[in-house]
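# Coordinate analysis (summary)
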Amino acid sequence: MRPLDRPFTMGQLLTLQSDTVTVLIYGKRYDIPVSVSEHELLTAVAQDEIVLLPVNFERTRLLLDIPETSPQLERELNEFTDIEESVTDLLKEGV
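Quick summary incoming for the structure in this document. Everything numeric here is computed off the predicted structure, so don't read it as measured data. The residue numbers shown here count from 1 along each chain, following its written sequence. A pLDDT threshold of at least 70 governs which residues receive local features in this predicted model, and a stricter bar of 80 or more applies before side-chain atom pairs are shown or counted, although totals over entire chains, interfaces and linings include all residues. To obtain the side-chain values, all non-hydrogen atoms of the structure were included, while hydrogens and water were left out.

## Describing the overall build of the chain
Worth spelling out the cut-off: The helix count covers DSSP runs of H or I at least four residues long, the strand count covers runs of E at least two residues long, and both are numbered beginning at the N terminus. Only protein chains enter the accessibility calculation, which uses a 1.4 Å probe; a residue is then buried when its area is under 20% of its type maximum, exposed when over 50%, and partly exposed in between. Note on areas: Shrake-Rupley with a 1.4 Å probe; residue coverage comes only from the protein chains shown.
When you go through the chain residue by residue, the secondary structure sums to 3 helices and 4 strands. Reading the chain from its N terminus to its C terminus gives the helix and strand order β-β-β-α-β-α-α. Taken across its 95 residues, the chain has 35% of its residues classed as buried. Summing over all exposed atoms, the chain offers an accessible surface of approximately 6400 Å²; the carbon and sulfur share of this is 52%.

Right, here's the structure in full:
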């Protein structure tokens, strides 16, 4: 995995096409190109009700290789919740 060298944000998966994914970031839609392998992964997770995806700050590509121990990832995920416990701890527990 490559280290994070730029800021990123989280986008909610709205729709998945064969070569793009549409995400919602702070009320605005972005169409982001996806590779074949990214499409396969997103097809598997798109069945969930809400899917949050890491997106580069310029909103031009997905960042699917962020390590789950990234402090920045935890901060971004926690922005979407109003809970006391960290989102990454809940994900590890399978909630």
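## A short note on the packing of aromatic side chains
Quick reminder of the rule: Aromatic contacts are taken between Phe, Tyr and Trp rings whose centres are within 6.5 Å, Trp giving its six-membered ring; a plane angle under 30 degrees counts as stacked, one over 60 as edge-to-face, and the others as tilted. Here, a charge over a ring means that NZ of Lys or CZ of Arg falls within 6 Å of the ring centre while also lying within 35 degrees of the ring normal.
Under the criterion given, the structure shown has 0 aromatic pairs. Of note, Arg59 hangs over the ring of Phe57, and the distance from its end group to the ring centre comes to 5.5 Å.

## Here we look at the nonpolar core
Defined as follows: The set of buried Ala, Val, Leu, Ile, Met, Phe, Trp, Tyr and Cys residues whose side-chain atoms join them within 4.5 Å is what this entry labels a nonpolar core. Here, two residues are considered to be in contact whenever any of their heavy atoms come within 4.5 Å of each other.
In this structure, Leu13, Val21, Val23, Ile25, Tyr30, Ile32, Val34, Leu42, Val51, Leu53, Val55 and Leu62 together form the largest nonpolar core, which totals 12 residues. Among the secondary structure elements, those contributing two or more residues to this core are strand S2 (20-25), strand S3 (28-33) and strand S4 (52-56). Here the element with the most residues in this core is S2; it accounts for 3 residues. Dropping the residues within four chain positions of it, Leu62 is found in contact with Val21, Ile32, Val34, Glu38, Leu42, Leu53, Pro54 and Val55. Residues Phe8, Leu63, Ile66 and Leu73 belong to the second largest nonpolar core, which totals 6 residues.

## Some points on helix H2 (residues 71-78)
For clarity, the threshold we go by: Taking the helix axis as origin, the arc is that swept by the directions to the C-beta atoms.
Taken together, the buried positions of H2 are Gln72, Leu73, Glu76 and Leu77. Buried residues along H2 cover an arc of 135° about the axis, so they all sit on one side. Residues of H2 that are exposed and point over 90 degrees away from its buried face: Pro71 and Arg75.

## Here we look at the environment of Val36
Note that Val36 resides in helix H1 (residues 36-45). In this structure, the C-alpha to C-alpha distance between Val36 and Ser18, residues 18 residues apart in sequence, is 8.1 Å.

## Structural notes on unusual backbone geometry
At Tyr26, a residue that is not glycine, the phi angle is positive and equals roughly 50°. You can see Tyr26 is positioned in the loop between S2 and S3. The exposed category is assigned to Tyr26, whose relative accessible area is 59%. Backbone geometry at Arg59 places phi at a positive 60°, although glycine is not the residue there. As for its position among the elements, Arg59 is in the loop between S4 and H2. Among the residues examined, Arg59 registers a relative accessible area of 17% and is labelled buried.

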